[in-house]
Amino acid sequence: MTVLTVAEHRRGELRPVSLELLSVGRLLAEETGDEHHTVVIGGDVETFGRKLDREGVETVYTVDEGEEFNHDVYVQAVTQLAEALDPSLVVMPNTVNGLDYAPAVASDLGLPLVTDVVDVDYGERLTATRELYGSKTETTIDVHAEAAALTVRPGEWPAAEGVNGSSVEPFEVDVDESAVRSTVTGFEEVGGGDVDITDADVLVSVGRGIGEEENLDLVFDLAEALDATVSASRPLIDNGWLEKDRQVGQSGKVVTPDVYIAVGISGAVQHVAGMKGADTIVAINTDPNAPIFDIADYGIVDDLFDVVPALIEEFGG
Ligand SMILES: Cc1cc2nc3c(=O)[nH]c(=O)nc-3n(C[C@H](O)[C@H](O)[C@H](O)COP(=O)(O)OP(=O)(O)OC[C@H]3O[C@@H](n4cnc5c(N)ncnc54)[C@H](O)[C@@H]3O)c2cc1C
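Residues numbered from 1 in each chain as written. Predicted model: local features only at pLDDT ≥ 70, side-chain atom pairs only at ≥ 80, totals over all residues. Heavy atoms only, no water.

Chemist: Hey, could you run me through the site of the ligand in this one?
Modeler: Within the structure, the ligand sits among 25 residues, and S233, Q247, S251, S266 and N285 are positioned closest to it. In this structure, an oxygen atom belonging to the ligand sits 3.1 Å away from a main-chain N or O atom of Q250. At 2.7 Å, a side-chain N or O of S266 approaches an oxygen atom of the ligand. Burial of the ligand by the surrounding chains reaches 74%, relative to a free accessible area of 980 Å². Only α6 (234–238), α7 (269–275) and α9 (304–315) provide two or more residues apiece to the shell around the ligand. Its residues assigned to classes, the shell around the ligand shows six nonpolar, 14 polar and five charged. (Near = heavy atom within 4 Å. Polar contact = N/O pair within 3.5 Å; in protein donor to acceptor, adjacent residues only side chain to side chain. Areas by Shrake-Rupley, 256 points an atom, 1.4 Å probe, with all protein chains shown as cover. Helix = DSSP H or I, 4+ residues; strand = E, 2+ residues; numbered from the N terminus. Nonpolar A, V, L, I, M, F, W, Y, C, P; charged D, E, K, R; others polar.)

The following block contains the structure:
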């Protein structure tokens, strides 16, 4: 029996969730005493394969089929590899792509599927934790099965580290072309925006404390001084002040930057769900009781209209 994790890439880059899944896989393999294997499907599999060589990974399987994500190829590749390895757990990313193929894989393999998992534990058997009611409560699911499939929420685990010397092996998939009913014709960002807040190392995130749309210039000036990207809480998106691509949170994007500067953001659970994985969180807020301070590494209790100009002067050069 093994633990099998499935990597993800987009536009020639391995996505951060691929390395996070390796941490989940390693944890589960340690708890079950199984081996941990991972697979990358399509694209520059040789380069991706080398990047997936991390501590705890026994074998990185590469499936050289296609350049971009294709539902039908992924379903066949993951299913055939799982049939060969007989994994006790198949762990996939809870992303747009992951949610596209994971249910079909689970169905073909006859496995129960738990989606959007934020924590796992393997005692006698698998338990998986999910969040409910807008991240206000957690529920733990006790999986009564010999084997199971999971999709794991990005940003919940650290990226796996430590080069290991895993063996990187091609896996030949017998692709049934008659079952490939979709073709990738191109890639277009939803909303046509050119900002990907999920890739940013430093985010200056702005909330309702900014008061007026005109005041956003201040936040963009700070982002420029820090070579950062601007993101936001939901009310600013709902107001139409910033495009939806920049929304952090439960109904926005999950981000995992090195530094997250929350400017005038209270720290509602639905917002925190999207940014709690940041390495270092800095909060600027006039209210010392704002919940954002519960998760902040550094807190500045002051008026953002005093603090942000001072930071721009300090870092702007
Ligand atoms: C189903 C559902 C999904 C949701 N999804 C999301 C989501 O994805 N992302 C998200 O962000 N929200 C989401 N929300 C909304 C969420 O519940 C909060 O309403 C929202 O996050 C609050 O945004 P905020 O912190 O910017 O505003 P507020 O809660 O209004 O906080 C503003 C903060 O600014 C501070 N402030 C005011 N003036 C200043 C000043 N001059 N200087 C410094 N600080 C100042 C205040 O003390 C306050 O703490 C969702 C809600 C629901 C019900």
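Chemist: I tried to follow the packing of aromatic side chains on my own but got confused; where do I start?
Modeler: The geometry of two aromatic rings is summed up by the distance between their centres and the angle between their planes. In total, this model carries four aromatic pairs according to the counting rule given. On the basis of an interplanar angle of 40 degrees and a centroid distance of 6.0 Å, the ring pair of F69 and Y101 is categorised as tilted. Linking F69 in the loop between β5 (59–63) and α3 (71–85) with Y101 in helix α4 (residues 96–109), this pair joins segments that are 32 residues apart in sequence. (Phe/Tyr/Trp six-rings, centres within 6.5 Å; stacked < 30°, edge-to-face > 60°.)

Chemist: What's the story with the side chain of T59 in this structure? I'm lost.
Modeler: Position of T59 relative to the elements: it lies in strand β5. In this structure T59 comes out as buried when scored by relative accessible area, which is 6%. Polar side-chain contacts of T59 include one of 3.2 Å to the side chain of H37. (Buried < 20%, exposed > 50% of the residue type's maximum accessible area, 1.4 Å probe, protein only.)

Chemist: Can you help me understand the packing of helix α5 (residues 216–226) against α9 in this one?
Modeler: A pair of packed helices is characterised by two quantities: the angle between their axes and the separation of those axes. It is at 9 Å that the axes of α5 and α9 come closest, and there the two elements cross at 30 degrees. Between α5 and α9, the angle falls in the class roughly parallel. Once α5 is placed against α9, the crossing between them reads as left-handed. Here L218, D221, L222, A225 and L226 of α5 come into contact with α9, specifically with L304, F305, V308, P309, L311, I312 and F315. (Axes fitted to C-alpha atoms, helices over the stretch in contact; angles between N-to-C directions. Parallel < 35°, antiparallel > 145°, perpendicular 65-115°, else oblique. Left-handed = near helix turned anticlockwise from the far one by under 90°. Contact = heavy atoms within 4.5 Å.)

Chemist: Explanation requested: a negative patch on the surface in the structure shown.
Modeler: On the surface, E13, D199, D201, D227, D258, D279 and D297 cluster together into a patch of negative charge. Counting through the fold element by element, E13 comes out in strand β3 (residues 13–14). (Patch = residues over 30% accessible without salt bridge, like charges linked within 9 Å, V, L, I, M, F, W, Y side chains within 5 Å. Salt bridge = Lys/Arg side-chain N within 4 Å of Asp/Glu carboxyl O. Lys, Arg positive; Asp, Glu negative; His and termini not counted. Charge placed at Lys NZ, Arg CZ, Asp CG, Glu CD.)

Chemist: Help me out: how do you make sense of unusual backbone geometry in this one?
Modeler: Excluding glycine, most residues fall at negative phi; most peptide bonds, likewise, are trans. Despite not being glycine, R11 has its phi angle at roughly 50 degrees, a positive value. For R11, the location among the structural elements is in the loop between β2 (9–10) and β3. Even without being glycine, D86 reaches a positive phi, approximately 55 degrees. Summarising the element assignment, D86 is placed in the loop between α3 and β6 (89–93).

Chemist: Hey, could you run me through α5 in this one?
Modeler: Turning to α5, its buried residues are L216, L218, V219, L222 and A223. In a view along the axis of α5, the buried residues occupy a sector of 155 degrees, so they form one face of it. The exposed set on the far side of α5, more than 90 degrees from its buried face, consists of D217 and E224. Buried residues along α5 sit in contact with β13 (202–206), β14 (229–232), α6 and α9. D227, located one to two residues past α5, shows a positive phi value of around 55 degrees. (Arc of directions from axis to C-beta.)

Chemist: In this structure, what is going on with the environment of A268? I would like to understand it.
Modeler: With respect to the element layout, A268 can be found in the loop between β15 (259–263) and α7. Look at A268 and you get partly exposed, because its relative accessible area is 35%. Placed 132 residues apart in sequence, A268 and K136 show a C-alpha to C-alpha distance of 9.8 Å.

Chemist: Honestly, the sheet that holds strand β8 (residues 119–122) in this entry has me stumped. Any pointers?
Modeler: By way of backbone hydrogen bonds, the strands of a sheet pair with one another, either parallel or antiparallel. One open sheet accounts for three strands, arranged β8-β9-β10; its pairing is antiparallel. What marks the edges here is a single partner per strand, and that holds for β8 and β10 (137–142). Along the sheet, successive strands turn relative to each other by an average axial angle of 20 degrees, direction set aside. In the sheet, strand β9 (residues 126–132) pairs with β10 via six bridges, with the strands oriented antiparallel. Bridging from a neighbouring strand, R130 pairs with T139 of β10. Set on the sheet, helix α1 (residues 16–32) makes contact with β8 and β9; between it and β8 the angle comes to about 15 degrees. (Pairing = 2+ DSSP bridges.)

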